[in-house]
Amino acid sequence: MPTACLKTVDLHYLQLGEQNSQNSFPSDLVMVHGLAASLGFWSYTASVLAQTNRVTLFDLRGHGRSSMPQSGYTPRQMAEDLKELLDYLGIQTAHLLGHSFGGSVILQFAHCYPERVESLIFADVRLRLLQPEQRLRDWQHWQKFQPLLNKLGIELDENDRESGYQLLKEIAKLQLNTPEGEGFLHKLPSPFFGKGGKRTALRWLKLLETTTAPSDFLDSGSMTLTQLQQMQKPTLAIYGEYSQAMVTALALKRLWHHGRFEFVPQVGHFFPISQPEKLIIPVQKFLTQTKSPDSQGYLTITPALLNSGGIDTPGLQ
């Protein structure tokens with residue numbers, strides 16, 4: 001499997017897409033997963049978007065099959081990892097799509113290297129600059145979801161300032177202690193969803209226990225509110241109705257009048273894997289119009305492809 005040996009980390013990556021008749025790609029799309037996940041998070045979505053783009057997926061440092069250095073897990077350092085990877089692959093500019101923490105990474109990249117960004121796509125992203133805390137007690141849907149988590153045996157502190165990290169840790173521990181296919185944990189959308197879930201959970205717990213990641217994740221970077229407001233790249237932001245990052249979504253909507261915002265009903269944070277078409281359709285429309293403002297073309301998502309579960313390759317597990 002391809003690995004880029006960079007200055008401070010080895011990143012596992014995968015590229016998908018067919019060259020056109022001119023032996024080139026119309027554009028590059030780089031997709032960045034969130035915490036505890038891997039490039040396999042994008043398996044189905046990438047297989048569709050690769051119909052018209054060269055799609056680059058990679059495992060963040062400490063995730064998937066990338067190496068796990070002892071430090072370097074701030075969004076700023078991961079943005080530098082992304083820059084080095086693009087240099088390694090010879091990609092000069094790209095459209096960037098990030099889910100969750102991956103959105104913080106691509107935002108930092110756009111702040112540091114704006115000339116290399118064609119557009120930004122945020123999928124349920126929380127930004128610390130706009131949402132410093134994420135307490136369950138402040139989430140309007142907490143009372144609805146608390147009984148579901150309790151049924152799984154997950155008890156969370158609703159006053160914890162970082163409920164998202166707390167939840168990921170508890171689900172990972174439960175994943176390791178639940179026999180394959182038993183209960184309904186295997187149906188719960190999370191980074192540990194599907195094939196390879198136990199390995200992903202083990203990797204996540206190791207990252208938290210043996211590196212500076214827990215403290216690095218809390219770094220909000222040096223970007224100011226004014227700098228964020230002045231960022232004028234073509235932007236699409238998609239959030240689920242039940243998202244805990246809705247504070248960020250509404251704040252961005254006020255700041256970025258140039259951006260396109262979509263709110264998906266009856267889905268949560270991990271809708272890109274539970275209902276990938278809810279991400280694919282607006283993304284394909286946005287990319288088509290960003291590349292060719294007068295074009296009305298769209299990718300074709302056939303029922304056969306939608307039901308196939310995407311491509312089946314070891315590189316995406």
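Our structure's up above, just so we're on the same page.
Residues numbered from 1 in each chain as written. Predicted model: local features only at pLDDT ≥ 70, side-chain atom pairs only at ≥ 80, totals over all residues. Heavy atoms only, no water.

When its secondary structure is counted, the protein chain shows 12 helices and 8 strands. For the protein chain, long-range pairs separated by at least 24 residues make up 72% of all intrachain contacts whose partners lie at least 6 apart in sequence. For the protein chain, the exposed surface amounts to about 14200 Å²; the carbon and sulfur share of it is 50%. (Helix = DSSP H or I, 4+ residues; strand = E, 2+ residues; numbered from the N terminus. Contact = heavy atoms within 4.5 Å. Areas by Shrake-Rupley, 256 points an atom, 1.4 Å probe, with all protein chains shown as cover.)

Considering the arrangement of structural elements, one finds A36 in the loop between β3 (28–32) and α1 (43–49). On the basis of relative accessibility, which here comes to 3%, the residue A36 falls in the buried class. C-alpha of A36 to C-alpha of S190: the two residues are 154 residues apart in sequence and 8.9 Å apart in space. Those residues in contact with A36 that lie beyond four places of it in its chain are H63, L168, P191, F192, T200 and W204. (Buried < 20%, exposed > 50% of the residue type's maximum accessible area, 1.4 Å probe, protein only.)

Here we take up empty space enclosed by the protein. Taken as a whole and judged by the stated rule, the model has 1 cavity of 30 Å³ or more. By volume, the largest cavity is sized at about 70 Å³. Along the walls of the largest cavity sit A36, A37, S38, G62, H63, G64, R199, T200, R203, W204 and L207, which together make up its complete lining. Split by residue class, the lining of the largest cavity holds 4 nonpolar, 5 polar and 2 charged. (1 Å grid on protein atoms, 1.4 Å probe; cavity = no way out; pocket = protein on both sides within 12 Å on 5 of 7 lines; lining within 4 Å. Points joined across faces, edges and corners; volume = space filled by probe spheres on them. Nonpolar A, V, L, I, M, F, W, Y, C, P; charged D, E, K, R; others polar.)

It is worth spelling out the pattern of salt bridges at this point. Considering all chains together, one arrives at 11 salt bridges under this definition. E80 is the salt-bridge partner of R76, the closest N and O atoms lying 3.2 Å from each other. Of this pair, R76 and E80 both sit in helix α2 (residues 75–89), 4 residues apart, roughly one helical turn. Residue R76 is classed as partly exposed on the basis of its relative accessible area of 34%. Judged by relative accessible area, E80 falls into the buried class, the value being 18%. The partner of R116 in a salt bridge is D87, with the nearest N and O atoms 2.6 Å apart. (Salt bridge = Lys/Arg side-chain N within 4 Å of Asp/Glu carboxyl O.)

The 8 strands lie next to each other as β1-β2-β4-β3-β5-β6-β7-β8, forming an open sheet whose pairing is mixed. Each of the sheet's edge strands pairs with one partner strand only, and the pair in question is β1 (3–5) and β8 (260–264). The mean inter-strand angle of the sheet, taken between neighbouring strand axes irrespective of direction, is 20°. The pairing of strand β5 (residues 94–99) with strand β6 (residues 117–123) spans 6 bridges and is classified as parallel. Along β6, the bridge assignment pairs G98 with F122. (Pairing = 2+ DSSP bridges. Axes fitted to C-alpha atoms, helices over the stretch in contact; angles between N-to-C directions.)

So, about the packing of aromatic side chains. For the structure on display, the rule yields 9 aromatic pairs. On the basis of an interplanar angle of 90° and a centroid distance of 5.1 Å, the ring pair of F41 and W42 is categorised as edge-to-face. The exposure classification of F41 matches that of W42, with both residues buried. Seen in terms of ring centroids, F101 and F217 are 5.4 Å apart; in terms of plane orientation they differ by 65°. Their pairing is edge-to-face. On the criterion of sequence distance, the pair formed by F101 in helix α3 (residues 101–112) and F217 in the loop between α7 (213–216) and α8 (225–230) is long-range, its members being 116 residues apart. Accessibility expressed as a relative area gives 7% for F101, which makes it buried. Taken together, the ring pairs connect F101, Y165, W204 and F217 into an aromatic cluster. (Phe/Tyr/Trp six-rings, centres within 6.5 Å; stacked < 30°, edge-to-face > 60°.)

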